[in-house]
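Structural description and commentary
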Amino acid sequence: MIEGSDVRSTAGAAGPATRKVAGGRRNPAVAGRDDTAPRWLRRSAGVSWRLLVVLAAVVVVFFATSRVTLLFIAVFLALVFTAVLRPLVELMSRVMPRGLATALSLLGGTLFFLGMLTYVGYSIATQWNDLSKQFATGIKQITDFLESGTLPFTITSEQIAAWIENGVKWIQDHAGDLVGEVAASAGSVVEGFTALALAVFCTVFFLARGAQMWTWFLNQLPARNRPTWQTAGDAGWYTFSGYTRGTVIIAITDGLLAFVLLTALRVPLAAPLAVLVLIGAFIPLIGAPAAMVVAMIVALAANGLWSALGVGVGIALIGQLEGHILQPLIMGKQVSLHPVVVALSVTAGTLTAGILGAVISVPLVAVAWAVFSRLRTLDPPMDEDVTADDDEEDGGPDRSVEPGGRAGAALSTPSAEPDAVR
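Residues numbered from 1 in each chain as written. Predicted model: local features only at pLDDT ≥ 70, side-chain atom pairs only at ≥ 80, totals over all residues. Heavy atoms only, no water.

1. Brief notes about the nonpolar core
Side chains of a nonpolar character, in soluble globular proteins, are inclined to be buried together. Ranked by internal contacts, the top residues of the largest apolar core, which has 16 residues, are Leu-262, Val-267, Leu-273, Val-311 and Ile-315. Elements represented by at least two residues in this core include exactly helix H8 (226-264), helix H9 (270-280), helix H10 (287-303) and helix H11 (305-330). (Core = buried A, V, L, I, M, F, W, Y, C linked by side-chain atoms within 4.5 Å. Buried < 20%, exposed > 50% of the residue type's maximum accessible area, 1.4 Å probe, protein only. Helix = DSSP H or I, 4+ residues; strand = E, 2+ residues; numbered from the N terminus.)

2. As for the confidence of the model for the protein chain
Parts of the model with low pLDDT should not have their predicted coordinates read in detail. In the predicted model, the protein chain carries a mean pLDDT of 75, and the fraction of residues at 70 or more is 70%. Summarising per-element confidence for the protein chain, the mean pLDDT is lowest in helix H1 (residues 4-22) (49) and highest in helix H4 (residues 69-92) (90). Every residue in residues 7-13 scores below 50 in pLDDT, and together they form one contact with partners more than four places removed in sequence or on other chains. Below a pLDDT of 50 lies the segment residues 394-422, which in the model reaches 41 contacts outside its immediate sequence neighbourhood of four places, other chains included. (pLDDT = per-residue confidence, 0-100. Contact = heavy atoms within 4.5 Å.)

3. Concerning unusual backbone geometry
Backbone geometry follows two general trends: most residues other than glycine have a negative phi, and most peptide bonds adopt the trans configuration. Look at Arg-266: it is not a glycine, yet its phi comes out positive at around 60 degrees. Secondary-structure assignment places Arg-266 in the loop between H8 and H9.

4. Comments concerning the packing of H8 against H9
Packing of H8 against H9 leaves a shortest axis separation of 8 Å and a crossing angle of 150 degrees. On the basis of the axis angle, H8 is roughly antiparallel to H9. Considering the relative orientation of H8 and H9, their crossing is right-handed. Contacts from Ala-251, Ile-252, Asp-254, Gly-255, Ala-258, Phe-259, Leu-262 and Thr-263 in H8 reach Ala-270, Ala-271, Leu-273, Ala-274, Val-277 and Leu-278 in H9. In terms of residue class, the contact of H8 with H9 is made up of eleven nonpolar, two polar and one charged. (Axes fitted to C-alpha atoms, helices over the stretch in contact; angles between N-to-C directions. Parallel < 35°, antiparallel > 145°, perpendicular 65-115°, else oblique. Left-handed = near helix turned anticlockwise from the far one by under 90°. Nonpolar A, V, L, I, M, F, W, Y, C, P; charged D, E, K, R; others polar.)

Structure representation (structure tokens):
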């Protein structure tokens, strides 16, 4: 007869073998770990559901932003104004109260903007008669060239007249829709002034008490989370302010160079076209070419083909000067995004929110990457003995590690400092 202790010892001794024979890999409850799926599939599933959570959060943010677009635009403009005017406020606050420095900075920026608009309006008013005559002459030259030029096809004046007649008829047929669109545009203008007023109101407080407001926000967080938010805020503001100030400086430089070029080529409305080039500098990739096309059309209609070619070549050279000299010199390493990332960001922003999306997409992506680069922690390369252990467990080599034990050496190094916040 077998004693109870012997039975328990026998059962205990046979336990692991019994579980192995019963197929522990097919029953996680018996084996104590989930080995029913390959390791790569478990990792992929974990990454997938985390990506789905992040995507859901992004969708929620976009949906919330779309419901309060006016508020988002106002806050974004306020941050832009703050980034541009803050160096001036900091300089003036050394010799006067900060409130007075804020008021003078806002007044100076407003006067500069209104002065630019006044000069543009004056230029249009004084040159409009001459431009209309030159434009009519240029259109006649273009028509003559289309009728009897060296092109492989010809366009007669009857065809052009028919196109104009069709255009007038289309306008008459869609007059009601056009009136509705004009009314909607008027509503948009009102909303634009509302957003601008709210942006100026917020800018006053951001410039005067921005540091105190940020400190108050941090004090509302748990103490263990404050360093992380402080680091993220510093990295994001450093990148955003650097991008904004650099873009403003580059845009003003492009506008001045374009004004000198157009004046030298005697193109009418040089000032308004230079302002258009200045505005186009705020829209990456598509802003400068659009401004160049408009300037070339005016030069073609006013002065002929060679003047238009000169304008196109000159503005293209200004673009090359901006991309290869001004941006690296002014922005430096504050914003370091690959051109492919910029192109994809502008395209995605344009498809999502039109011109507004094209303007804000690049700074938002730059800020997000700067914060991520500052907060992330790069794992050190794995040692050779750790790799060998993984190979024995998985039954095969880990292809993410090079033969020398340098995991991901071609991608990054733990001592590398992020480009966006260097």
